[in-house]
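# Examination of the molecular architecture
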Amino acid sequence: MLSACQLDLGFQGRTLTPEDPTYEEARTVFAAHLDRRPALIVRVAGPADVARVIAHASRTGAELAILGGGHSPAGHGISDGGFVIDLSALRSFELDVAERTVWAGAGLTAGAFTRAAGEHGLATAFGDTGSVGIGGITLAGGIGFLVRKHGLTIDSLLAAEIVTADGRLRRVDAQTEPELFWALRGGGGNFGVVTRLKYRLHPVDMVLGGLLVLPATPDVVAAFVAAAEAAPEELSTIANVMLAPRLPFVPETRHGSPVVLARMVYAGDLEAGRQAIAPFRAVAETVADLVRPIKYPEMYPDEQGSGSAAISRTTFLRRVGTREAETMLERISESSATLASCEIRVLGGAMARVSTEATAFAHRRSPLMVNVGALYDPTTSERSEHAAWVRGLSTELDDGEPGAYVGFLADEGEQRVRAAYPDATWERLAAVKAIYDPDNVFRLNQNIRPA
C-alpha cells in the first residue's frame, strides 16, 4: 500500500488508491475478463503530471500503464500492482476552422472529437466505436468509416506532443524529430505518453450511412465483399457475418439466423451514394435497411456495456469468396459463444496510396482485414474454449497474406506482435525505441524492445 509521503509528488490531477470510492470504476476497462488492481491511478492534468508519474515508476521499478479509452484487447490500459497514467481529463479541443486543423487532448474519445468537429461539418478518420480514445487508435493506425476516402487516422496526423521516458515534453512532426513521428504512426505506445495530437480535418457533413442487414449465404457474403471492392472510394463498409442478434429492427423470425450486418458510410454526394449502395441492396432481399442521409457523428452512437468478455484474432486476407464465406458460416454455427462473428473490412483507396515506408503501419497494400471474434459470459464459460474456436477459424481463413493489426491484438505473444511489422519496420522501430526508451519503461503494450 502506498503511504502518504509516496503520494506527495506534487500532482495537479487527481490520485486514486484502492481506498478511493471511485477506484473500482477507474480501474475498469473493456477487457472484461481481466481483474487488475493498480496501486495508484493518476488522472493527470497535463504533461508535468505525466513526467512525475514516469519518474516515480522509474525510481521504484513499478509497471506503468497508459489509460486512454480503455479499449486495448489485452487490457494494457491497466496494471496489476503498478501505476496508471489516466489521460481522461486531457480533453482540450483547439480548432482552426480556416486551416481545417485541430489540436486535441489525448483524453478525448473518437465520439466526442467527431461531435465537436461535426459542428463545423468537418471530421478526421477514426475507427468505428465512439468510446475509443483518440490516442490509442491513432498510435495503432486507425481503420474506420472513412478509411477508403481519407485513409487511416495516422494519415491525418500532423504533429504530436509526447512525454518520453526521460520526462521531456517533445513536440514532434515531419520536420522535428521525424523518426519519432514516423514511429508514433503505427508503433503503438512504445515511445512515451502522447498528451496532445494535431490533426488535419476533412469536409464531412451529411453522409449516406447506417446499417444494412442481409440474409447470409456463401454467395451473399462473397457478393457483398465483391461489391465493396468495386465500390467508389467514398464508400467504406464494415460487414459482420454472424447469427442475427435480438435487435428491434431485425424481425423476430430472423433472430438466430445467419446474416450480414454491415455498417456503411458513403462520404460524398448523396445521390451518387444511393447509386453506390444499390448493388448491395440488390444482393438479396434485405432483412433491415437503415442506411439513410445522416450527419456523420450519428455513426458514433452512445454505447451500452454488455457485461460480456471478448476474444478475437485479426488477419489480413487477399480475398473472401464463396469458399471462405462457407467456412465462416459453418464455424459460426458451431460456436457456443453468446455472439460469434467474422468482421470483414474491405480496404484500399486512400489508405493504399500512401507509401508502405511512410509510417510504422506498413500493411497498406492488404486488400482485406478480417477479425474473428467471440463474445461470451465470463461467469458461465471458459475463455480457453472460445479462444480455441477463434484461433481455429482464423487459421482456416489464413491465405498467406502477411501481417496483423496492432490495434486489435490481444495478449497473443511476441510472434503476433512481430507479425504486425515487416522485418525492416521492426528493426527501425527498435532503433527508435533504443533512443527514446532504452530501459523499456513503456513495456505494458504490444512491446517492441529497444535494439
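In case you missed it, the structure is sitting above this.
Heads up: these notes are all about the structure in this document. Fair warning: this is a prediction, and the values are worked out from it, not measured in the lab.

Looking now at the overall build of the protein. Along the backbone of the protein there are 13 helices and 19 strands. Taken over the C-alpha trace, the protein has a radius of gyration of 22 Å; the compact-globule value for 451 residues is 22 Å, and the two agree within 12%. In terms of overall dimensions, the protein has C-alpha extents of about 65 × 55 × 40 Å along its principal axes. In the protein, the proportion of contacts linking residues at least 24 apart, taken out of those at least 6 apart, comes to 73%. A distance of 3 Å separates the average location of the 43 positive side-chain charges in the protein from that of its 54 negative side-chain charges.

Right, let's get into the side chain of His-76. For His-76, the location among the structural elements is in the loop between strand 3 (64-67) and strand 4 (83-86). His-76 sits in the buried class, given a relative accessible area of 15%. Excluding residues within four positions of it along the chain, His-76 makes contact with Arg-36, Ala-65, Ile-66, Leu-444, Asn-445 and Gln-446.

Let's shift gears to the sheet that holds strand 10 (residues 193-200). If you trace the five strands from one edge of the open sheet to the other, you get 5-6-10-8-9, paired in antiparallel fashion. Bordering the open sheet on either side are strand 5 (93-96) and strand 9 (169-173), each of which pairs with just one other strand. Averaged over neighbouring strand pairs, the angle between their axes works out to 15° when direction is ignored. Sheet analysis places strand 5 next to strand 6 (residues 101-105), joined by four bridges and oriented antiparallel. By the bridge assignment, Asp-96 is partnered in strand 6 with Thr-101.

With that settled, consider the nonpolar core. Judged by nonpolar contacts, the single largest core of 84 residues is most densely connected at Leu-64, Ile-85, Phe-113, Leu-184, Tyr-199 and Tyr-296. By size, the runner-up hydrophobic cluster in this structure holds 44 residues, among which are Phe-280, Val-291, Ile-332 and Ala-374.

Here the structure, examined in full by the defined rule, presents 34 salt bridges. The shortest N-O distance in the salt bridge between Glu-24 and Arg-37 comes to 3.1 Å. Taken together, the residues span a long stretch of sequence, with Glu-24 in helix 2 (residues 23-26) and Arg-37 in the loop between helix 2 and strand 2 (40-43) at a distance of 13 residues. Residue classification places Arg-37 among the partly exposed residues on the basis of a relative accessible area of 37%.

Procedures and definitions
- Position numbers for residues count from 1 along each chain, tracking the sequence in the order it is written.
- Totals for whole chains, interfaces and linings use all residues, but because this is a predicted model, local features are given only for residues with pLDDT of at least 70 and pairs of side-chain atoms are given and counted only at 80 or more.
- In computing side-chain properties, one takes all heavy atoms of the structure into account and sets aside hydrogens as well as water.
- Under the DSSP-based scheme used, a helix requires at least four consecutive residues in state H or I and a strand at least two consecutive residues in state E, with every element numbered from the N terminus.
- Taken over C-alpha atoms, the radius of gyration is set against a globule rule of 2.2 Å times the number of residues to the power 0.38.
- In this analysis, two residues are considered to be in contact whenever any of their non-hydrogen atoms come within 4.5 Å of each other.
- Only four residue types enter the tally: Lys and Arg on the positive side, Asp and Glu on the negative side, with His and both chain ends excluded.
- Here the site of a charge means NZ on Lys, CZ on Arg, CG on Asp, or CD on Glu.
- Each residue gets one of three labels from its accessible area relative to the maximum for its type: buried under 20%, exposed over 50%, partly exposed in between, using a 1.4 Å probe on protein chains only.
- The pairing criterion for strands is at least two bridges between them, as found by DSSP.
- The axes used here are C-alpha line fits, helices contributing only the stretch in contact, and every angle between their N-to-C directions lies in the interval 0 to 180 degrees.
- The definition of a nonpolar core used throughout is a set of buried Ala, Val, Leu, Ile, Met, Phe, Trp, Tyr and Cys residues joined through side-chain atoms within 4.5 Å.
- Salt bridges are defined by distance alone: a side-chain nitrogen of Lys or Arg within 4 Å of a carboxyl oxygen of Asp or Glu.

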